[in-house]
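# Report on the structure
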Amino acid sequence: VAAARQLAAGGFRIPGEAFSIGITQTEWPGRLEKIQDRPDVYLDGAHNPSAAREVAAFWDENFSGRRVWLIFGALRDKAVDEIAGTLFPRATQVIFTEPRTARSISAGHLAEAAGHYASRYTVIPNAEEALDHALVVAAPEDAIFVTGSLYLVGEVRHAWKDRSRVAAAGSR
């Protein structure tokens with residue numbers, strides 16, 4: 001919007017409705033990205049305290065009274081304690097995992113460092129297996145959130161797309 005306004009100020013003709021159309025049609029992968037219904041599965045990087053507060057506000061607004069399963073993995077240089085303090089108490093269960101990068105905190109270490117914020121938690125280092133576990137234990141009316149690292153979200157998003165392609169090919 002800011003760029004379009006600057007262009008308009010510079011003499012480019014940009015119709016007013018272009019702003020609302022652009023905003024409503026914008027997709028931001030990995031930012032409150034819903035990839036499945038029943039249970040609802042969302043991907044959100046939330047790798048800093050500000051983003052965690054946004055996710056918490058989204059939960060409070062949209063998931064009050066519903067169980068939320070949190071799949072969480074993080075990198076070593078992130079403010080895990082503040083993110084955990086914001087999100088973990090709101091989750092039914094935290095599933096600690098780890099993105100496949102040398103910069104990640106191991107799932108076990110995450111559990112030791114931040115598990116006290118969660119009412120319940122489990123440790124599943126492989127992110128795909130963590131998602132599979134959440135899909136098994138979550139009821140259709142529940143929600144599953146994958147968060148804490150953009151690397152984790154990218155990894156799960158890629159695996160999800162691969163599964164979708166395989167499922168689509170198998171149904172032909």
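Provided above is the structure to which this section pertains.
This structure is a prediction, so every number in the text was calculated from the model and none was measured.

Rules used throughout
- Residues numbered from 1 in each chain as written.
- Predicted model: local features only at pLDDT ≥ 70, side-chain atom pairs only at ≥ 80, totals over all residues.
- Heavy atoms only, no water.
- Phe/Tyr/Trp six-rings, centres within 6.5 Å; stacked < 30°, edge-to-face > 60°.
- Lys NZ or Arg CZ within 6 Å of the ring centre and 35° of its normal.
- Helix = DSSP H or I, 4+ residues; strand = E, 2+ residues; numbered from the N terminus.
- Salt bridge = Lys/Arg side-chain N within 4 Å of Asp/Glu carboxyl O.
- Buried < 20%, exposed > 50% of the residue type's maximum accessible area, 1.4 Å probe, protein only.

## Focus on the packing of aromatic side chains
Tallied over the entire structure, the rule returns ten aromatic pairs. Members of the aromatic cluster, joined through ring pairs, are Tyr42, Phe58, Trp59, Phe63 and Phe145. The lysine or arginine in question, Arg5, covers the ring of Phe19, its NZ or CZ lying 5.9 Å from the ring centre.

## Things to note about unusual backbone geometry
At the junction of Arg38 and Pro39, the peptide bond is cis and its omega measures out at 0° in the coordinates. Mapped onto the elements, Pro39 comes out in the loop between β1 (33-36) and β2 (40-44). With a phi close to 50°, Arg38 is a non-glycine residue in the positive phi region. Here the phi dihedral of Ala46 falls at roughly 30°; this positive angle occurs in a residue that is not glycine. For Ala46, the location among the structural elements is in the loop between β2 and α3 (49-62).

## Here's the deal with the pattern of salt bridges
Under the definition given, this model contains twelve salt bridges. Asp37 is the salt-bridge partner of Lys34, the closest N and O atoms lying 2.7 Å from each other. Close ionic contact of Arg90 with Asp60 constitutes a salt bridge, the shortest N to O distance being 3.0 Å. Placement of Arg90 in the loop between α4 (80-87) and β4 (93-96) and of Asp60 in helix α3 is noted, with a sequence separation of 30 residues between them. For Asp60, a relative accessible area of 45% puts it in the partly exposed group. If you follow the salt bridges from partner to partner, you end up with Lys34, Asp37, Asp40 and Arg66 in one network.

Scope: geometric values only; no functional claims are made or implied.
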